[in-house]
Amino acid sequence: MLGVTARLTGLPAAGSRVLSGALSGRLADRPGRRSVQESAPDKPCPNMVRGIDNVRETRLNKGMAFTLEERQRLGIHGLLPPRFKTQDEQVDLCLKNISRYQEDLNKFIYLMGLQDRNERLFYRVLSENVEQMMPLVYTPTVGLACQKFGLIYRRPRGLFITIHDKGHIYDVMRNWPEQDVRAIVVTDGERILGLGDLGAQGMGIPVGKLSLYTALAGIKPQQCLPIVLDVGTNNKDLLNDEFYIGLKQNRVTGEAYDEFVDEFMQAAVRRYGQKTLIQFEDFGNHNAFRFLDKYRNKYCTFNDDIQGTASVAVAGLLAAMRKLNTKLSDHTFLFLGAGEASLGIANLCVMAMEQEGLSSQAAHDKIFMVDSRGLIVKNRPEGGVTGHKVDYAKDMEPMKNLGDVVKKLKPSALIGAAAQPQAFTAEILKDMGEYNKEPIIFALSNPTSMAECTAEQAYQATQGRAVFASGSPFAPVTINGKTLYPGQGNNAYIFPGVALGVIASGMHHIGEDVFLRAAEALAKMVTDQELDVGRLYPPLENIRDVSLQIAVQLAEHAYKTGEASTYPQPADLNAFVRSQLYDYHYANPLEQVYPWPTREASVYPHPDDLLAYIETHRYDFSYESPLLNTYEWPSSGMVH
Ligand SMILES: NC(=O)C1=CN([C@@H]2O[C@H](COP(=O)(O)OP(=O)(O)OC[C@H]3O[C@@H](n4cnc5c(N)ncnc54)[C@H](OP(=O)(O)O)[C@@H]3O)[C@@H](O)[C@H]2O)C=CC1
Ligand SMILES: CC(=O)C(=O)O
Ligand SMILES: [Mg+2]
């Protein structure tokens, strides 16, 4: 992608093509050129891409699906095998190729290669085979990919901004060739899934999350930017690893780190506008909460591990309430872990219980937490209780062991997000089954190797009565002749739809109510038949529609509350959001070939009626309503 851009000079010659933002990025900054920002998103801009570039550029490439006419007119005839294929045939071949690999990491490498080679084909394969592909580009395989990133890294995808770029972050961001970025997923790699500090190798996570932005919510790939903020790593193995791709130094912390992240936030909105959505992902606990508090009212931002996870877990709980015919406030919740995920879920549970009519205190009283030092109680020895945990500290005797806490509290819901594999022992699961007709058991830690228990273990220990969800996928389990389908309680059900709703409606800030609304919407999408076979979420094959519905409902709400800024309000929001979505089917490249008869003109596309077009450029000395200019819509220079 970068290679072609660098070579682009001058005006188009015969046979040259019109491209969208990515490939024309550099031109936009040159004096005298129309910037891409000025043209509507996706509108082509003048450029020069010829011949082989059509095959090398992942965004343009159709492989053997180029027709004879396309091959001849684009100057690639002879560069491809003579056979012509449909995209359907190509999809079949990709699926065959993927199934030929034994190891998931090799499947991951194949898929990344496809993404680099033929973007539309990649997204079609992913979007139409979500259940099969998501575990490969996302958890669990992406965890392994991050661990092995130094071995498998091939081509640039996303920006690496290091602490040494401090003072120049905006300049680094200008090197990203896309002009219309709407969403950034950023990590500093300190807490990658439950795998700990993977430093710059955490890049796999923003890349994977943003692939899901496109595959699950139809947000255009060119509008998505993955970023790693590399401040070093404290992972000794990586520091000693000859293949490590990041800065080989310990993490920079304190004031210098904070200034670096501040500068990044400022650079991001300076480059892409105040409404650029910035999703924080897999930051260490101590930074995640701080940054959320610091930036949530200043930028268009959310923390996926705290808020996205809260939303998906509460959706699962609300669906469970439908199954059990109870309210949240009828339950006693015990969390293993009191970090980003657990506290996020607990706080949103409190909000939901308040909605049911409980006081804040009464709602907090229903939630118990165990962290690395045991049950969170007031007057705890050794350092006490700090931060958001304080709200959940109980007037009880300290207890260290989860099994003992379960016996003491007899909770109806046990939720794990502590990255402690097998922490839900057979005895704990059995106890949960004894205390409850249908115990709620969520093993949310990722990847699979970190899960608190497997679906099979939860169902076996409770004779199939557990209402179960897990962060990474588990296969269906058959118990006593009945097949149960464990739900995947993963924030992937939430963040793509939330992002789409935020971008489409032009929300400046993302309030907590957005996540409760998304949870409620998601819980309602599960059918009674699905609940009956153990599902707490709609099947993954429906997740694109789920994301769209979440987006539309959030956008509707944003217009009601005045939080939307895309004006005028579209009459049909559903149709409006749909009209923004990415289409992974191939475009006809010939439709974009310059229709201009000469190479002197540079305003593209050629206006149908030149006389009328020139008329529009005449100065009009009559007054016009200033209100008409209040909003640009659809807005490309989003403010938050
Ligand atoms: N399913 C999903 O969508 C999501 C899943 N997750 C998963 O949840 C897990 C935790 O993530 P996150 O909350 O962000 O991480 P944090 O680091 O913020 O929190 C981890 C928590 O686990 C506690 N803990 C650590 N060891 C033990 C132990 N032996 N016994 C009890 N508690 C312990 C920590 O205790 P202390 O506070 O004392 O340090 C801390 O409270 C990860 O595996 C992650 O992949 C996260 C986000 C989304
Ligand atoms: C799913 C996710 O965001 C995590 O495990 O961190
Ligand atoms: Mg995460």
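Residues numbered from 1 in each chain as written. Chains lettered and ligands numbered in written order. Predicted model: local features only at pLDDT ≥ 70, side-chain atom pairs only at ≥ 80, totals over all residues. Heavy atoms only, no water.

S.K.: Give me the lowdown on the overall build of the protein chain, citing residues and values where you can.
M.R.: Counting its regular elements, the protein chain contains 27 helices and 14 strands. Sequence separation of 24 or more characterises 72% of the internal contacts of the protein chain that already satisfy a separation of 6 or more. Summed over all atoms, the accessible surface of the protein chain reaches about 26,800 Å², with 51% contributed by carbon and sulfur. (Helix = DSSP H or I, 4+ residues; strand = E, 2+ residues; numbered from the N terminus. Contact = heavy atoms within 4.5 Å. Areas by Shrake-Rupley, 256 points an atom, 1.4 Å probe, with all protein chains shown as cover.)

S.K.: Can you break down the coordination of the magnesium ion (ligand 3) residue by residue, with the values?
M.R.: Each donor-metal-donor angle in an ideal tetrahedron of four donors is 109.5 degrees, and each such angle in an ideal octahedron of six donors is either 90 or 180 degrees. Protein coordination at the magnesium ion (ligand 3): the donors are Glu281 (OE), Asp282 (OD) and Asp305 (OD), at 2.0 to 2.1 Å from the metal. The sequence pattern describing where the donors of the magnesium ion (ligand 3) fall on their chain is E-D-x22-D. One end of the pair, Asp282, is in the loop between β4 (277-280) and α15 (285-295); the other, Asp305, is in helix α16 (residues 304-324), and 23 residues separate them in sequence. The pair formed by Asp282 and Asp305 is uniform in burial state, with each residue classed as buried. (Donors = N, O, S within 2.8 Å, 3.2 Å for Na, K, Ca; no water. Buried < 20%, exposed > 50% of the residue type's maximum accessible area, 1.4 Å probe, protein only.)

S.K.: Outline the packing of aromatic side chains, listing residues and values.
M.R.: Under the criterion given, the structure shown has 17 aromatic pairs. Seen from their ring centres, Phe149 and Tyr153 are 5.9 Å apart, and the 45 degrees between their planes marks the pair as tilted. Note on Tyr153: relative accessible area 33%, which makes it partly exposed. What links up through ring pairs into an aromatic cluster is the set Tyr257, Phe280, Phe283, Phe291, Tyr295 and Tyr299. Taking the ring centre of Phe291 as reference, the NZ or CZ of Arg290 above it sits at 5.0 Å. Stacked on the ring of Phe368, the Lys or Arg Lys394 has its end atom at 4.8 Å from the ring centre. (Phe/Tyr/Trp six-rings, centres within 6.5 Å; stacked < 30°, edge-to-face > 60°. Lys NZ or Arg CZ within 6 Å of the ring centre and 35° of its normal.)

S.K.: Could you give an account of the site of ligand 1, naming the residues involved and the relevant values?
M.R.: Neighbouring ligand 1 are 27 residues; Arg191, Asn285, Ala338, Ser372 and Lys389 lie closest to it. In the model, an oxygen atom of ligand 1 is placed 2.6 Å from a nitrogen or oxygen of the Ser372 side chain. The separation between an oxygen atom of ligand 1 and a polar main-chain atom of Asn446 is 3.2 Å. The protein chains hide 82% of the 910 Å² of surface that ligand 1 would expose on its own. Counting atoms within 2 Å of the grid points, the majority share of ligand 1 lands in the largest pocket. Breaking the shell around ligand 1 down by element, the ones donating at least two residues are α16, α17 (340-356) and β7 (367-371). Classifying every residue of the shell around ligand 1 gives nine nonpolar, 13 polar and five charged. (Near = heavy atom within 4 Å. Polar contact = N/O pair within 3.5 Å; in protein donor to acceptor, adjacent residues only side chain to side chain. 1 Å grid on protein atoms, 1.4 Å probe; cavity = no way out; pocket = protein on both sides within 12 Å on 5 of 7 lines; lining within 4 Å. Sits in = over half its atoms within 2 Å of the grid points. Nonpolar A, V, L, I, M, F, W, Y, C, P; charged D, E, K, R; others polar.)

S.K.: Give a detailed account of the sheet that holds strand β5 (residues 301-303), specifying residues and quantitative values.
M.R.: Ordered in space as β1-β3-β2-β4-β5, the five strands form an open sheet in which the pairing is parallel. Bordering the open sheet on either side are β1 (159-162) and β5, each of which pairs with just one other strand. In this sheet, neighbouring strand axes are inclined to one another by 25 degrees on average, regardless of whether the strands run parallel or antiparallel. Of the pairings in the sheet, the one linking β4 to β5 comprises three bridges and is parallel in character. Paired with Ile278 across the strands is Thr301, a residue of β5. Contacts from helix α12 (residues 204-217) reach β2 (183-187), β3 (224-230), β4 and β5, with the element oriented near 165 degrees to β3. (Pairing = 2+ DSSP bridges. Axes fitted to C-alpha atoms, helices over the stretch in contact; angles between N-to-C directions.)

S.K.: Account for the pattern of salt bridges, with residues named and values stated.
M.R.: Where charged atoms from two side chains of opposite charge come close, those side chains can pair. All told, the structure shown has 28 salt bridges when counted by the stated rule. A salt bridge links Arg59 to Glu178; the shortest N-O distance between them is 2.7 Å. Of the two residues, Arg59 sits in the loop between α3 (53-56) and α4 (68-74) while Glu178 sits in the loop between α11 (169-174) and β2, which places them 119 residues apart along the sequence. The partner of Arg618 in a salt bridge is Glu615, with the nearest N and O atoms 3.3 Å apart. Beyond isolated ion pairs, a larger network of salt bridges with shared partners links Arg59, Glu119 and Glu178. (Salt bridge = Lys/Arg side-chain N within 4 Å of Asp/Glu carboxyl O.)

S.K.: Describe the sheet that holds strand β10 (residues 440-443), naming the residues involved and giving the relevant values.
M.R.: Across a sheet, strands are paired by hydrogen bonds formed along the backbone, either parallel or antiparallel in direction. Strand order across the open sheet formed by seven strands is β8-β7-β6-β9-β10-β11-β14, with mixed pairing between neighbours. Sheet topology places β8 (374-375) and β14 (487-488) at the edges, where each strand pairs with a single neighbour. Summarising the sheet, strand β6 (residues 333-336) and strand β9 (residues 413-416) pair through four bridges and their orientation is parallel. Across the sheet, Leu334 pairs through a bridge with Leu414, a residue of β9. Most of the contacts of helix α19 (residues 402-409) go to β6, to which it runs at about 175 degrees, and overall it touches β6, β7, β8 and β9.

S.K.: Account for the site of ligand 2, with residues named and values stated.
M.R.: Around ligand 2 lies a shell formed by Tyr138, Arg191, Leu193, Lys209, Glu281, Asp282, Asp304, Asp305, Asn446, Asn490 and Asn491. Within the side chain of Lys209, an N or O atom sits 3.0 Å from an oxygen atom of ligand 2. One nitrogen or oxygen atom from the side chain of Asn491 is found 3.0 Å from an oxygen atom belonging to ligand 2. Protein coverage of the free-state accessible area of ligand 2, which is 210 Å², stands at 91%.

S.K.: An account of the UniProt feature "binding site: a divalent metal cation" (unreviewed entry) in the protein chain is needed here, citing residue identities and associated values.
M.R.: In this numbering, the UniProt entry assigns the feature "binding site: a divalent metal cation" (unreviewed entry) to Glu281, Asp282 and Asp305. In terms of the greatest pairwise C-alpha distance, the residues named above, spread along 25 residues, form a tight cluster of at most 6.7 Å across. Lining residues of the largest pocket, restricted to the annotated ones just named, are Glu281, Asp282 and Asp305. Inspection of the secondary structure puts Glu281 in the loop between β4 and α15. Not counting residues within four places of it along the chain, the set of residues in contact with Glu281 comprises Val185, Val186, Thr187, Ile205, Lys209, Asp304 and Asp305. For Asp305, the contacting residues outside a window of four places in its chain are Arg191, Phe280, Glu281, Asp282, Phe283, Glu340, Ala341 and Asn491. At a separation of 3.1 Å, a polar atom in the side chain of Asp305 contacts the side chain of Arg191. (UniProt positions renumbered as here; feature names shortened; annotations may be inferred.)

S.K.: A description of the pairing of β10 should follow, citing residues and the corresponding values.
M.R.: Of the two faces of β10, the one holding Ile440 and Phe442 and the one holding Ile441 and Ala443 are both buried throughout. Pairing of β9 with β10 involves four bridges; the strand directions are parallel. Residue Gly416 lies in a different strand from β10, and its bridge partner there is Ala443. On the question of chirality, the crossover connecting β9 to the parallel β10 by way of helix α20 (residues 426-435) is right-handed. Here β10 pairs with strand β11 (residues 467-470) via four bridges, running parallel. Pairing of Ala443 across the sheet is with Ser470, part of β11. (Right-handed = clockwise from strand over helix to strand, strands pointing away.)

S.K.: Break down α19 for me, citing the residues and quoting the values.
M.R.: Those residues of α19 that sit buried are Leu402, Gly403, Val405, Val406 and Leu409. Buried residues along α19 cover an arc of 160 degrees about the axis, so they all sit on one side. Buried residues along α19 sit against β6, β7, β8, β9 and α20. The backbone nitrogen of Gly403 has a side-chain oxygen 2.8 Å away, supplied by the residue at the start of α19, namely Asn401. (Arc of directions from axis to C-beta.)

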